[in-house]
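Okay, here's what each chain looks like letter by letter:
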Amino acid sequence: MMRLRRAGRELLRWGRGGPPAAAPRRGAEVLVGKAGGASSGIAEILMSRPHARNSLGKVFVNELFSALEQLRFDEQVRVVVFKSEVKGVFCAGADLKERAQMDDAEVGHFVKRLRNLMDEIAALPVPTIAAVDGYALGGGLELALACDLRVAASSAKMGLIETTRGLLPGAGGTQRLPRVVGIGLAKELIFTGRQIDGQEALSIGLVNHTVPQNSEGDAAYQRALALAKEILPQAPFAVKMGKLAINRGMEVDIASGMAIEGMCYAQNIPTRDRQEGMAAFREKRLPRFIGK
């Protein structure tokens, strides 16, 4: 079962076999879903702004902030998957129609808010996975880059296309893309505004996995779920500390990074999960981690 919420309110319940079309959405552009059963611990941020191809408008951004706030301190959540409910598109980037109504000061303020949003996604303590089943352009790719892992359909199109609109990436693209694919490739992709498909994205290391698209248009989402289920059985606190050590360590020199790793490791030593892992190894059984 999947529970869907908007701004903290539960809207409906639905099984994986059927869509939630029967229940009113009340104009929600972002929903939060939580899986049950064997998938318990997986949360989904579902982006649903079909009339604007999930572009980053004010309401959409506000609801993304609210979704992150719901999940940040939820100890039952072990993995978060970002998924589009709009077939053929992950996120089309900036809402240029809305942007055209802003003056220069408003544009600067809003782009700063977008940058903060991507930082909030990156700062979620649990692993995050972007399921890119369609276009991820401009801010849409920046959103995917803010996630820890990315899975794309081979037919998906990705690119930081801002220079083709007289802009440059302003929500983290100039910083996160080179950290993922290297400086030279990042410069080439940003300078040209080129779009690449999922297969090329895999070849340059932009995504972790690529899959052929299926008739339902959700092949990347299905692969992202499988990846999330691989993470689920692992010790939650150890996974969080691993993410923290990597993220903080990448910002400093290796000696400082080793010190960060040591501090994260020290926090993990007294946990019950570490003791459970050692006991399970001795007793030749699977561990039962509780996140403490």
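Scroll up a little and you will see the structure.
None of these values were measured; they are calculated from a predicted model.

1. Description of the pattern of salt bridges
Next, step 1: The final tally for this structure, using the stated rule, is 11 salt bridges.
Next, step 2: Here Asp74 ties to Lys34 by a salt bridge, and the two come within 2.2 Å at their closest N and O atoms. Taken together, the residues span a long stretch of sequence, with Asp74 in the loop between helix 1 (58-72) and strand 5 (79-84) and Lys34 in strand 3 (residues 30-35) at a distance of 40 residues.
Next, step 3: Taking the relative accessible area as the measure of exposure, Lys34 reaches 16% and is therefore buried.
Next, step 4: Residues Glu283 and Arg285 are paired through a salt bridge, measuring 2.6 Å at the closest nitrogen-oxygen approach.
Next, step 5: Each of Glu29, Arg49 and Asp95 takes part in one network of salt bridges that share partners.

2. Details of the pairing of strand 4 (residues 42-47)
For a regular strand, the rule is simple: side chains alternate between the two faces of the sheet.
Next, step 1: Judged by how many residues are buried, strand 4 sits mostly within the fold: six of six residues are covered.
Next, step 2: Residue alternation in strand 4 divides its side chains into two sets, Ile42, Glu44 and Leu46 and Ala43, Ile45 and Met47, and both sets are buried.
Next, step 3: Looking at chain direction, strand 3 and strand 4 are connected through five bridges and run antiparallel. If you follow Val30 over to strand 4, its bridge partner there is Met47.
Next, step 4: The antiparallel hairpin formed by strand 3 and strand 4 contains six residues in its connecting segment, where Gly37 sits at a positive phi of about 65°.
Next, step 5: Taken together, strand 4, helix 1 and strand 5 form a β-α-β motif whose crossover is right-handed.

Reading the values: the criteria
- Residues numbered from 1 in each chain as written.
- Predicted model: local features only at pLDDT ≥ 70, side-chain atom pairs only at ≥ 80, totals over all residues.
- Heavy atoms only, no water.
- Salt bridge = Lys/Arg side-chain N within 4 Å of Asp/Glu carboxyl O.
- Helix = DSSP H or I, 4+ residues; strand = E, 2+ residues; numbered from the N terminus.
- Buried < 20%, exposed > 50% of the residue type's maximum accessible area, 1.4 Å probe, protein only.
- Pairing = 2+ DSSP bridges.
- Right-handed = clockwise from strand over helix to strand, strands pointing away.

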